[in-house]
Amino acid sequence: MSVSFDFSETETQQSVKAMVRDFAEKNIRPHIMEWDEAQHFPIDLFKQLGALGLMGVLVPEEYGGSGLGYQEYVDVIVEVARVCGSIGLSLAAHNSLCTGHILAFASEEQKQKWLPKLATAEWIGAWGLTEANTGSDALRMMTTAVEDGDDYIINGAKNWITHGKSGDIAVVMVRTGEQGSSKGISAIVVERGTPGFSAGKKENKLGMRASETTEMIFDNCRVPKTNLLGNVGEGFKQAMKVLDGGRISIAALALGIAKGAFDAAVAYSKQRQQFGQPISSFQAISFKLADMATEIEAAALLIRQAADLKNRHLPMTKESAMAKYFASEVSVKVATDAVQIFGGYGYTKDFPVEKFYRDSKLCTIGEGTSEIQKIVIAREVLSR
């Protein structure tokens, strides 16, 4: 397929970027280490983001959203993540996973019921696929939904769930058929407050500490059949399509973290004096910066390509996997090099790059590890 791309910024993109950048500097940057140390999930901040339309970036205006496309969405995530990866992660999970799943596969009645609350951040969204023993092997999930009259009875647990405790609504993948069958999984919406639905352990993480990650537990949780998204047995197929878009989210998250680390490294290298001159004048440092800048630009182009295909409803499984794989690995490398440029100061919490370093690693793991992305890419390449 031969496709041409025009990645020049529109006026809308420019205004969105400026608005998000200004908000992040005023409302996020002053608190990032406080939230990180306390593992505090700042719900009030997300209410503010909702008021700006940033919790429903891709949701049409008729449902209370901003009605923007994936290029603007990438800009939103990048600008937030270059200040704080944790807030960028939660923003991405809410928009692309929970809200995105409902937007793509819910009935009109379901959309009218749930999307306005999600798009305005009246409700925070969660999305449940992963289980303790079935990370990448989702078809082996143990959480079940058994029919009982007009309801489903859900039993089991999900882990590594963003907003698993504070989320007001969750899209949950459950087994309704044979274990191991791609047609044995369905997607059901569960609202907070439903009897039998509770939060479990909150994870104590290396990075992304202000983004809440907990277990979701279902103990004879009774949910009406009207909460089923699509048809019985379509959940796995739906989840894989949602993850195609989710990979763009994590790629944008990784890009933002890389840009934040790079900006800090450039500024420090110009200010830090050694042997009577700024360390940026030394080839060892300037070559690192050149590599960092080049890899960031390459990652950005892969992301823009995937976002363009997504906007035009064209196949983008390979492109989104490439963007996610490359950008996440670049994020780790750039953050590592930034710490090296800062030297001993880079290893302390008094300077910003140690947090970028800790946050970056999640991007190579969440929503499909780098190894899984390689499997997806290879499968796409070899199927031609």
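Everything below is about the structure shown above.
Please read all numbers here as calculations on a predicted model, not as lab measurements.

Q: Residues and numbers for the environment of Glu122, please.
A: With respect to the helices and strands, the residue Glu122 is situated in the loop between α6 (108-119) and β1 (125-128). For the pair Glu122 and Met55, spaced 67 residues apart in sequence, the C-alpha to C-alpha distance is 9.7 Å. If near-sequence neighbours (up to four positions away) are discounted, Glu122 is found in contact with Lys47, Lys117 and Asp168.

Q: Explain the side chain of Thr99 to me, and be specific about the residues and the numbers.
A: Relative to the assigned elements, Thr99 resides in helix α5 (residues 85-105). Setting aside anything within four residues of it in sequence, one finds Thr99 in contact with Met55, Val59, His94, Leu115 and Leu118.

Q: Can you break down helix α3 (residues 43-51) residue by residue, with the values?
A: Within α3, the full set of buried residues consists of Leu45, Phe46, Leu49 and Gly50. Viewed end-on, α3 has its buried residues packed into an arc of 145 degrees, placing them on one side of the element. The exposed set on the far side of α3, more than 90 degrees from its buried face, consists of Asp44 and Ala51. In this structure, the buried residues of α3 make contact with α1 (11-27), α2 (32-38), α5 and α6. Immediately downstream of α3, the backbone of Gly53 shows phi near 85 degrees, a positive value.

Q: Which residues make up the nonpolar core, and what values do they have?
A: Ile28, Leu49, Ile87 and Leu253 are the most contacted members of the largest nonpolar core, which totals 71 residues. Considering every element that reaches this core, the biggest residue donor is helix α7 (residues 235-271), with 14 residues. Residues lining this core come from more than one domain, with at least three contributed by each of domain 1 (11-124) and domain 3 (236-383). Not counting residues within four places of it along the chain, the set of residues in contact with Leu49 comprises Phe23, Leu54, Met55, Ile87 and Leu91.

Q: Now, about helix α10 (residues 353-360): what can you tell me, with residues and values included?
A: Within α10, seven of the eight residues are buried, which leaves it mostly tucked inside the rest of the structure. Of all the positions in α10, only Val353, Glu354, Lys355, Phe356, Arg358, Asp359 and Ser360 are classed as buried. In this structure, the buried side of α10 is in contact with α2, α4 (70-81), α5, α7 and α9 (317-342).

Calculation rules
- Residues numbered from 1 in each chain as written.
- Predicted model: local features only at pLDDT ≥ 70, side-chain atom pairs only at ≥ 80, totals over all residues.
- Heavy atoms only, no water.
- Helix = DSSP H or I, 4+ residues; strand = E, 2+ residues; numbered from the N terminus.
- Contact = heavy atoms within 4.5 Å.
- Buried < 20%, exposed > 50% of the residue type's maximum accessible area, 1.4 Å probe, protein only.
- Arc of directions from axis to C-beta.
- Core = buried A, V, L, I, M, F, W, Y, C linked by side-chain atoms within 4.5 Å.
- Domains from an automatic or database assignment.

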